[in-house]
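In case you want the letters, here they are:
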Amino acid sequence: MASLAQVEHRNQDATVYVGNLEPQVTEDLLLELFVQVGRVQSVFMPKDKVTQVHNGYGFVEFTDILDADYAQTVMNMLKLYGRPIRVSKSSLNSKQAELSKDVG
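Computed from a predicted structure; not experimentally measured. (Residues numbered from 1 in each chain as written. Predicted model: local features only at pLDDT ≥ 70, side-chain atom pairs only at ≥ 80, totals over all residues. Heavy atoms only, no water.)

Caption draft 1: Structural view of the overall build of the chain. Of the regular secondary structure elements, the chain holds four helices and six strands. For the chain, the succession of helices and strands along the chain, N to C, is α-β-α-β-β-α-β-β-β-α. Across the 104 residues of the chain, 36% fall into the buried class. Partitioning the contacts of the chain with sequence separation of at least 6, the portion at a separation of at least 24 is 64%. Total accessible area on the chain is roughly 6600 Å²; 52% of this is exposed by carbon and sulfur atoms. (Helix = DSSP H or I, 4+ residues; strand = E, 2+ residues; numbered from the N terminus. Buried < 20%, exposed > 50% of the residue type's maximum accessible area, 1.4 Å probe, protein only. Contact = heavy atoms within 4.5 Å. Areas by Shrake-Rupley, 256 points an atom, 1.4 Å probe, with all protein chains shown as cover.)

Caption draft 2: Broad picture of the packing of aromatic side chains. All told, the structure shown has four aromatic pairs when counted by the stated rule. Here Y57 and F59 contribute two aromatic rings whose centre-to-centre distance is 5.9 Å and whose plane-to-plane angle is 85 degrees, an arrangement assigned as edge-to-face. Taking the relative accessible area as the measure of exposure, Y57 reaches 26% and is therefore partly exposed. For F59, a relative accessible area of 19% gives the class buried. Aromatic rings pair up to connect Y17, Y57 and F59 into one cluster. (Phe/Tyr/Trp six-rings, centres within 6.5 Å; stacked < 30°, edge-to-face > 60°.)

In structure tokens form, the structure reads like this:
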């Protein structure tokens, strides 16, 4: 499991969020799927601390921003185990930018 420090060191611009995942999807399966569209640096699926089952989403970090953009275009709404997956750019940076806006 990745710690917050590891998450902050990811290249967020080259990371995509993958959601709407079936319970049987694994990190290895996501790796095999996304390596078809780009060079994958890492895959992370947060898990429930008690049950150790993933929460239905994950993150795929690519080595290049262009690979992440291509993955989003090609993989969004692809059916995996009969369910369309959602692929979008990771939003950690945009959330941090919103929090740091000058309100005064």
